[in-house]
Amino acid sequence: MALIVHKYGGTSMGSTERIRNVAKRVAKWARAGHQMVVVPSAMSGETNRLLGLAKELAPAKPADAYHRELDMLAATGEQASSALLAIALQSEGVQSVSYAGWQVPIRTNSAYTKARIESIEDDRVRADLQAGKVVIVTGFQGVDEDDNITTLGRGGSDTSAVAVAAALKAQECLIYTDVDGVYTTDPRVVPEARRLQTVSFEEMLEMASMGSKVLQIRSVEFAGKYKVPLRVLSSFTPWDIDLDEESKSGTLITFEEDEQMEQAIVSGIAFNRDEAKISVLGVPDKPGIAYQILGAVADANIEVDVIIQNVSKDGRTDFSFTVHRNDYAKTIDLLKEKVLPGLGVQEVVGDAKICKVSIVGIGMRSHVGVASKMFRCLSEEGINIQMISTSEIKTSVVLDEKYMELAVRALHRVFDLDQPAAA
Ligand code: ADP
Ligand code: ASP
Ligand code: MG
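The structure contained in this document is the topic of the report that follows.

What counts, and at which threshold
- Residues numbered from 1 in each chain as written.
- Chains lettered and ligands numbered in written order.
- Predicted model: local features only at pLDDT ≥ 70, side-chain atom pairs only at ≥ 80, totals over all residues.
- Heavy atoms only, no water.
- Near = heavy atom within 4 Å.
- Polar contact = N/O pair within 3.5 Å; in protein donor to acceptor, adjacent residues only side chain to side chain.
- Areas by Shrake-Rupley, 256 points an atom, 1.4 Å probe, with all protein chains shown as cover.
- Nonpolar A, V, L, I, M, F, W, Y, C, P; charged D, E, K, R; others polar.
- Phe/Tyr/Trp six-rings, centres within 6.5 Å; stacked < 30°, edge-to-face > 60°.
- Helix = DSSP H or I, 4+ residues; strand = E, 2+ residues; numbered from the N terminus.
- Buried < 20%, exposed > 50% of the residue type's maximum accessible area, 1.4 Å probe, protein only.
- Pairing = 2+ DSSP bridges.
- Axes fitted to C-alpha atoms, helices over the stretch in contact; angles between N-to-C directions.
- Contact = heavy atoms within 4.5 Å.

Near ligand 1 there are 17 residues, and of these T177, D178, Y183, D186 and R188 occur at the shortest range. The separation between an oxygen atom of ligand 1 and a polar side-chain atom of D178 is 2.8 Å. A distance of 3.4 Å separates an oxygen atom of ligand 1 from a polar atom in the side chain of K213. For ligand 1, the protein covers 90% of the area, taking 570 Å² as the surface of the free molecule. Split into classes, the residues belonging to the shell around ligand 1 amount to 6 nonpolar, 6 polar and 5 charged.

Dropping the structure here:
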């Protein structure tokens, strides 16, 4: 008997029929003798629907007061799906109780719409488990120290599940979704993508942070920090498949580089079009300039990603960086109004129609020429690279967004990701 956490995403919870299917699957695990905690997302489309209603009434605003209400609103999606799942489990003859984040409680900081989990009290959940109940805990939400409801950012139910698993020291956290594991790249974009049997924690972290939304990045961070065994698998298999078979399916996130692992140099390709590029032209090339520009951006709570500073010519240089597309207008305004007038900069220009494509693989540590193979592939496709950034196990390029799918498919082919990994 083990304590297991299951997480079901929006599509998996998308209708009463699917919720019944989830209930039957969870009941199977409970009847096999496991203590079960289940973390559901809102029914698919519900979070978007709710946030859309808010936007109809008032366009997005930076104010905290507005974001507080967005969280109050969006959190209802998970509350509804959790209660429905508890009802479905009860109708299967399984004792079940659901809790909203604040009832557990899952404590977070007060950063509305992107709050971070700080602690989870486990007494209530443990008492229910002891009493033989299946406990449902809402995904995506928590409560701050003033009892305001907070949410964890889009895709945040993954993080709720892993954090709950860490707090309860669960034997495993199973993330059930609408694909049957982690693929070499998004199978919706590249049909030839292959499922990985295992992926190392570090690779998963890079893939998530570079845009593979199959797991929210913070969930991977949590799994790494607390060594939570994590598996991504399908909720669309028949609910009554053999439990052992089910528990070995999908993709396991591993913490050790063991011999058996698929040892491709590049394990996966991630991409996103959520970023925008900003270039500050004709910056005087002197100490402190990067800090003056990027310090002000950071103070405004805007995250900066790829940064490039060119060689200077005649004492001036160009400085480019990327920000989340939602922060694009805000960053340009901030620079134009507050930062640049004092710096004697010539111009600020931007481009919101970019994308970032990244190749990720632990094998890049020990192989040379991987990045150049990437660049050659893109040049053969006639795709211009605007920016490059690298880490030990990834290389990212910023491209015109119209080339994104072409680039991903070409790279997938060039790195043999559509071929089964060599044994
Ligand atoms: P859920 O609602 O279950 O949380 P998400 O939509 O958040 O599901 O994540 C699953 C989706 O992630 C898949 O449907 C797939 O399109 C996308 N995805 C992106 N990259 C990958 C990848 N490398 N492997 C698998 N799925 C991926
Ligand atoms: N319902 C939330 C969202 O749509 C959280 C999640 O699904 O993980 O982003
Ligand atoms: Mg998700």
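What follows continues from the structure just given.
Throughout the structure, instances matching the rule amount to 4 aromatic pairs. The interplanar angle of 15° and the centroid separation of 4.7 Å between the aromatic rings of Y8 and Y176 together place this pair among those described as stacked. Residue Y8 is found in strand β1 (residues 3–8), and its partner Y176 is found in strand β9 (residues 172–177); the two are separated by 168 residues along the sequence. Accessibility assignment for this pair places Y8 and Y176 in one class, buried. For the ring pair F201 and F255, a centre distance of 5.6 Å and an interplane angle of 35° mean the geometry is tilted. One end of the pair, F201, is in helix α6 (residues 201–209); the other, F255, is in the loop between β12 (251–254) and β13 (268–272), with 54 residues separating them in the sequence. With a relative accessible area of 18%, F201 lands in the buried category.

Right, let's talk about the sheet that holds strand β15 (residues 304–309) for a bit. Reading across the sheet, the 4 strands line up as β15-β16-β14-β17 and stay open at both edges, with antiparallel pairing between neighbours. The open sheet has two edge strands with one neighbour each: β15 and β17 (347–351). Taken pair by pair, the neighbouring strands of this sheet meet at an average axis angle of 15°, ignoring direction. Both β15 and strand β16 (residues 316–324) contribute to a ladder of 4 bridges, which runs antiparallel. Counted as the bridge partner of Q309 is F319 from β16. Lying on the sheet, helix α10 (residues 328–339) is in contact with β14 (275–284), β16 and β17; it crosses β14 at an angle near 15°.

Structurally, T150 can be placed in strand β8 (residues 149–151). Looking at T150, its side chain comes within polar contact range of the side chain of T108, at 2.7 Å. Contact partners of T150, with chain neighbours within four places excluded, come to D71, T108, N109, S110, Y112, A115, F140, Q141, G142, V143 and D144.

Now for the environment of K28. Structurally, the position occupied by K28 is in helix α1 (residues 16–31). Under the relative-accessibility criterion, K28 is labelled buried at 15%. C-alpha separation for the pair K28 and D242, spaced 214 residues apart in sequence, amounts to 9.5 Å. The residues touching K28, leaving out its near neighbours within four places in the chain, are W239, D240, I241, L243 and E246.

Where strand β19 (residues 387–391) lies against strand β20 (residues 394–400), 5 bridges are found, and the strand directions are antiparallel. Among the inter-strand pairings, I388 is bridged to a residue of β20, identified as V397. Here β19 folds back onto β20 in antiparallel fashion, the turn holding 2 residues.

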